[in-house]
Amino acid sequence: MRFPDDFLWGVATASYQIEGAFNEDGRGESIWDRFSKTPGKVLHGHTGDVACNHYHLYKEDVALIKDLGVDSYRFSIAWPRILPQGSGSVNQKGLDFYKRLVDELLANGIKPAATLYHWDLPQMLENHGGWLNRDTAKHFQDYAQIVFESLGDVIDSWITLNEPWCSAYLGYGNGHHAPGRQSFAEHFGAAHHLLLAHGLALQAYKQLNLSAEIGITLNLIPQYPASSKPADIDATRQADGFQNRWYLDPVFKGHYPQDLPEFLIYVDPYVQEQDLKLISAPIDFLGINFYSRAIIAADQTGKPQSQPAQYPVTAMGWEVYPQGLYDLLLRVHRDYGPIPLYITENGAAFHDILEQGQVADKERINYLEAHFAQAARAIAAGVPLKGYFLWSLLDNFEWAFGYERRFGIIYVDFETQQRILKDSAKWFKLFKKGVVKLSPIS
Ligand code: IFM
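Residues numbered from 1 in each chain as written. Predicted model: local features only at pLDDT ≥ 70, side-chain atom pairs only at ≥ 80, totals over all residues. Heavy atoms only, no water.

K.L.:
Can you help me understand the sheet that holds strand 8 (residues 294-298) in this one?
P.N.:
Strands in a sheet are paired, the pairing made by backbone hydrogen bonds, and the direction either parallel or antiparallel. Ordered in space as 6-8-9, the three strands form an open sheet in which the pairing is mixed. Either end of the sheet is taken by a strand with one partner, and the two such strands are strand 6 (223-225) and strand 9 (304-306). For this sheet, the mean angle separating the axes of adjacent strands, direction not counted, is 45°. Direction of pairing for strand 8 relative to strand 9: antiparallel, over a ladder of three bridges. Residue pairing for strand 9: Ala 298 is matched across the bridge by Pro 304. (Pairing = 2+ DSSP bridges. Helix = DSSP H or I, 4+ residues; strand = E, 2+ residues; numbered from the N terminus. Axes fitted to C-alpha atoms, helices over the stretch in contact; angles between N-to-C directions.)

Okay, structure coming up:
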């Protein structure tokens, strides 16, 4: 139940979810500004206009991070702050904000880990097709280059994309996320261009000879067959291919999953020579976001169908299944390693109640403790897991659920912008100090 001494503990956030200041200092419009203001798209019509007002309260937030005693802070850079139109002229004030943030982190001994794309595509690029347009990948490379040149010497760790499955499938496949397009076939084009953007950003990075590590973050969901029937096992293979291997295989093996010809027909028209070479260029680490698992059975036609949870669920309806983290880490290490791994997000939303200045979020403590234990078990089994970032530092804008789902270990009163440490944050501080130990896995 121990972590190595140099294990990196951190907390994570993303620009649109916390920054606010949506129209300040020259920031351009993003697809999430447009989407959240479109009636019916986000619960209660919430938007990220103000969010946690982190753009103005960043010093206070860095002080909170320091108080937690963590080693690193993972944040994302808003592309529309840097290039308000997505390409073309650079907004220096946008870069300056991230310089101020990074200075503050460094002054407090906290290592900055920056994600270049956590879903806030400039709306102007969406007007020209967004991720369905191959040019967007090239614009991303230009944007990445600008950020690398400006912050390259102060960032400890770079993440090109956060969860391209979400950007592609939720954004262009089922329309649950911005920009809200709905075409299953076309979303494979978006996914390919996102991966190409990752490869092009890597290419730009390598040419700059910078020393920080660089990788990509995927949201991986281990898939378990509902029974040992061959049909369920085959449906699980398909679900795993769609959710996990569709991103892992091109990044690590340089090809899309060959056992899924029914999807290859959609992506083939988008793939040009050299794309997969760029996409599979070596990375320094893989970031894994882990929240839950899926149980899969075959429907009448043999296609995968998600089955109900077998254990308690979080406020998102996601089953709490810590063993899934262990299984996933071992599987990724076995099938795609050796590659250093980070858990770049793990955490849970629960129905938190603020009472007399306290949030007694015992369920979140249990969730974290159980997942930490499985991570330690994976390390003991030989997985090169190097760090673990909690999602999230603060309650924030949870995309289509607005402010209705609270993932923070710090409670945010969105009326007053007051931050209040939940019991989970207090527990995490003690854990970091070595005062509380993990219980053995039962
Ligand atoms: O809030 C999100 C985050 O932006 C990406 N990963 C999952 C989190 C919880 O849904």
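K.L.:
I'm lost on the pairing of strand 4 (residues 157-162) in this one. Help?
P.N.:
In summary, the side chains of a regular strand alternate between the two faces of the sheet. With six of its six residues buried, strand 4 lies for the most part within the structure. For strand 3 (residues 111-117) and strand 4, the ladder comprises four bridges, and the chain directions are parallel. Residue pairing across strands places Ala 113 opposite Ser 157, the latter belonging to strand 4. Looking at chain direction, strand 4 and strand 5 (residues 213-219) are connected through four bridges and run parallel. If you follow Ser 157 over to strand 5, its bridge partner there is Glu 213. (Buried < 20%, exposed > 50% of the residue type's maximum accessible area, 1.4 Å probe, protein only.)

K.L.:
Where do I start with the side chain of Asp 361 in this structure?
P.N.:
By the secondary structure assignment, Asp 361 is in the loop between strand 12 (358-359) and helix 14 (362-380). You can call Asp 361 buried: its relative accessible area is 4%. Engagement of the side chain of Asp 361 in a polar contact is seen with the side chain of Arg 364, the distance being 2.7 Å. In contact with Asp 361, other than residues within four places in its own chain, are Asp 352, Lys 422, Asp 423 and Ser 424. (Polar contact = N/O pair within 3.5 Å; in protein donor to acceptor, adjacent residues only side chain to side chain. Contact = heavy atoms within 4.5 Å.)

K.L.:
Please clarify how the environment of Glu 398 should be interpreted in this entry.
P.N.:
With respect to the element layout, Glu 398 can be found in the loop between strand 13 (385-391) and strand 14 (410-413). Residue Glu 398 is classed as buried on the basis of its relative accessible area of 9%. Counting along the chain gives 328 residues from Glu 398 to Val 70, while the straight-line C-alpha distance between them is 23 Å. Excluding anything up to four places from it in sequence, Glu 398 contacts Gln 17, Met 316, Trp 391, Arg 405 and Phe 407.

K.L.:
Can you walk me through the pattern of salt bridges in this structure?
P.N.:
A side chain of one charge can pair with a side chain of the opposite charge if their charged atoms are brought near each other. Applying the stated criterion across every chain, the model contains 26 salt bridges. The salt bridge partner of Arg 419 is Asp 61, with a shortest N-O separation of 2.8 Å. With Arg 419 in strand 15 (residues 418-421) and Asp 61 in helix 3 (residues 54-68), the pair connects residues that are 358 residues apart, well separated along the chain. Comparing Arg 419 with Asp 61, the two get one shared label, buried. (Salt bridge = Lys/Arg side-chain N within 4 Å of Asp/Glu carboxyl O.)

K.L.:
Whenever I open this one, the environment of Leu 151 confuses me. Can you help?
P.N.:
Along the polypeptide, Leu 151 turns up in helix 7 (residues 135-151). Here Leu 151 falls in the buried class, since its relative accessible area comes to 2%. Considering only alpha carbons, one finds Leu 151 and Lys 99, 52 residues apart in sequence, at a separation of 7.1 Å. Ignoring anything within four residues of it in the chain, the contact list for Leu 151 reads Ile 77, Tyr 98, Lys 99 and Trp 158.

K.L.:
Just checking my understanding: could you explain the side chain of Gln 417 for this structure?
P.N.:
Inspection of the secondary structure puts Gln 417 in the loop between strand 14 and strand 15. Polar contacts involving the side chain of Gln 417 include one to the main-chain carbonyl oxygen of Ala 51, which spans 2.9 Å. Polar contacts involving the side chain of Gln 417 include one to the side chain of Arg 419, which spans 2.9 Å. Contact partners of Gln 417, with chain neighbours within four places excluded, come to Val 50, Ala 51, Cys 52, Asn 53, Leu 57 and Val 412.

K.L.:
Whenever I open this one, the site of the ligand confuses me. Can you help?
P.N.:
As a matter of local geometry, the ligand sits amid Gln 17, His 118, Trp 119, Asn 162, Glu 163, Tyr 291, Trp 318, Glu 345, Trp 391, Glu 398, Trp 399 and Phe 407. Glu 345 is positioned with one of its side-chain polar atoms (N or O) 2.5 Å from a nitrogen atom of the ligand. Within the side chain of Glu 398, one N or O atom sits 2.6 Å away from an oxygen atom of the ligand. When the ligand is considered free in solution it has 280 Å² of accessible area, and contact with the protein chains removes 95% of it. Taking a 2 Å distance to the grid points as the criterion, the majority of the atoms of the ligand fall inside the largest pocket. Looking at the shell around the ligand residue by residue, the classes come out as six nonpolar, three polar and three charged. (Near = heavy atom within 4 Å. Areas by Shrake-Rupley, 256 points an atom, 1.4 Å probe, with all protein chains shown as cover. 1 Å grid on protein atoms, 1.4 Å probe; cavity = no way out; pocket = protein on both sides within 12 Å on 5 of 7 lines; lining within 4 Å. Sits in = over half its atoms within 2 Å of the grid points. Nonpolar A, V, L, I, M, F, W, Y, C, P; charged D, E, K, R; others polar.)

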